[in-house]
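Chain by chain, the residues run as shown.
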Amino acid sequence: MEAVILILTLLFVAFMALGVYAGVKAVRAAKRGVDRTITQARRSVEDTTLRAKSYGQPGVPGELAQLRLSLRTSMRATQYALNAGAREDASLSESLGLFQRLSAHGQELDNDLKRLEREPDRATVATLLPGLKERTERITHAAESLRWAARDRARQFAEDDLAALGAQIDLEAGALRHWTTEEPTTSRSEAAGHNWTAPADEQTPPSLTPPDPRLRTGHPWQKSAKPETTN
């Protein structure tokens, strides 16, 4: 009896520990989801604000907002393209490493531009604009080079796979039409003379005999009829 009580106690403790662990995991997952949602919302608001400033404020503030918006848009598009491609192409891991290094420079430039937006000395900021534009162009150009290289690589792989698939389909189609290249072994007159003696089951060429319906397999998205059962 004591052994049964001990086993039940251990099971109860194990279930309690499992429940606590699952609860902690669920809370952490929910927190990550909330943080991700907040980050995306803050990013959308900031991008909208920058877009409004770039079009609505002339002079130095508008140019700074335009630089920030161009930088953030280019870096975000490159990050998305590389992350999406790395799931299917492991060779993009090195490109991701280079992009991480480039992101550090991009984040530093974004912080500088954001700090200059609050700078009251517009004349001094105006003298810094040519250098800021050059830095922005260099970073965005590097990001675009990585992004388009990854896209070109994925497109080339898709074209190569399509070409190989087309060659296999042509080969299979030729094999399915093999009867069209077979020449008759008897002359037309001999065939006419022996037609009346040929059995009925030999009048159909073997290559044109319909395949057994039981051997047909449909594509996964095609519904197959249920086999009939006999009593």
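Data block above holds the structure.
Residues numbered from 1 in each chain as written. Predicted model: local features only at pLDDT ≥ 70, side-chain atom pairs only at ≥ 80, totals over all residues. Heavy atoms only, no water.

Here we look at helix α4 (residues 122-176)
Argument step 1. Taking 1.5 Å as the rise per residue, α4 with 55 residues should run 81 Å; its terminal C-alpha atoms sit 77 Å apart, in good agreement.
Argument step 2. Its axis deflected by about 40° at Leu128, α4 carries its strongest bend there, up to four residues before the proline Pro130.
Argument step 3. Here α4 has its buried residues at Val125, Leu129, Leu132, Thr136, Ile139, Thr140, Ala143, Leu146, Arg147 and Ala150. (Helix = DSSP H or I, 4+ residues; strand = E, 2+ residues; numbered from the N terminus. Expected span 1.5 Å × (residues − 1). Bend = angle between axes of the 7 residues up to and from the residue. Buried < 20%, exposed > 50% of the residue type's maximum accessible area, 1.4 Å probe, protein only.)

Here's the deal with the environment of Ala81
Argument step 1. In this fold, Ala81 is placed in helix α2 (residues 60-86).
Argument step 2. Using a relative accessible area of 13% as the deciding quantity, one classes Ala81 as buried.
Argument step 3. Sequence-distant contacts of Ala81, that is, excluding residues within four places in its chain, are made with Arg147 and Arg151. (Contact = heavy atoms within 4.5 Å.)

Quick word on the packing of α2 against helix α3 (residues 93-117)
Argument step 1. One way to put it is that α2 packs onto α3 with a least axis distance of 10 Å and a crossing angle of 160°. By the angle between their axes, α2 is roughly antiparallel relative to α3. The interaxial crossing formed by α2 with α3 has left-handed handedness. Across from Leu64, Ala65, Leu67, Arg68, Leu71, Arg72, Met75, Thr78, Gln79, Leu82, Asn83 and Ala86 in α2, the residues of α3 making contact are Ser95, Leu96, Phe99, Leu102, Ser103, Gly106, Leu109, Asp110, Leu113, Lys114, Leu116 and Glu117.
Argument step 2. Among the residues making up the contact of α2 with α3, the classes are represented as 13 nonpolar, six polar and five charged. (Axes fitted to C-alpha atoms, helices over the stretch in contact; angles between N-to-C directions. Parallel < 35°, antiparallel > 145°, perpendicular 65-115°, else oblique. Left-handed = near helix turned anticlockwise from the far one by under 90°. Nonpolar A, V, L, I, M, F, W, Y, C, P; charged D, E, K, R; others polar.)

Overview of the packing of α2 against α4
Argument step 1. The interhelical angle for the contact between α2 and α4, taken along N-to-C directions, is 15°, at an axis separation of 9 Å. Put simply, α2 runs roughly parallel to α4. Along this stretch, α2 crosses α4, giving a crossing that reads as left-handed.
Argument step 2. Residues that form the contact of α2 with α4 fall into these classes: 17 nonpolar, five polar and six charged.

A closer look at the side chain of Ser74
Argument step 1. Structurally, Ser74 can be placed in helix α2.
Argument step 2. A relative accessible area of 6% places Ser74 in the buried class.
Argument step 3. When sequence neighbours within four positions are dropped, the list of residues in contact with Ser74 reads Thr140, Ala143, Glu144 and Arg147.

Description of a nonpolar patch on the surface
Argument step 1. On the surface, a nonpolar cluster with roughly 750 Å² of combined accessible area is contributed by Val4, Ile7, Leu8, Leu11, Phe15, Leu18 and Tyr21.
Argument step 2. Within the fold, Val4 resides in helix α1 (residues 2-56).
Argument step 3. Judged by relative accessible area, which is 45%, Val4 ranks as partly exposed. (Patch = residues over 30% accessible without salt bridge, like charges linked within 9 Å, V, L, I, M, F, W, Y side chains within 5 Å. Areas by Shrake-Rupley, 256 points an atom, 1.4 Å probe, with all protein chains shown as cover. Salt bridge = Lys/Arg side-chain N within 4 Å of Asp/Glu carboxyl O.)

Here we look at the packing of aromatic side chains
Argument step 1. Taken as a whole and assessed by the stated rule, the structure comprises zero aromatic pairs.
Argument step 2. Against the face of Trp148 rests Arg151, its NZ or CZ located 4.9 Å from the ring centre. (Phe/Tyr/Trp six-rings, centres within 6.5 Å; stacked < 30°, edge-to-face > 60°. Lys NZ or Arg CZ within 6 Å of the ring centre and 35° of its normal.)

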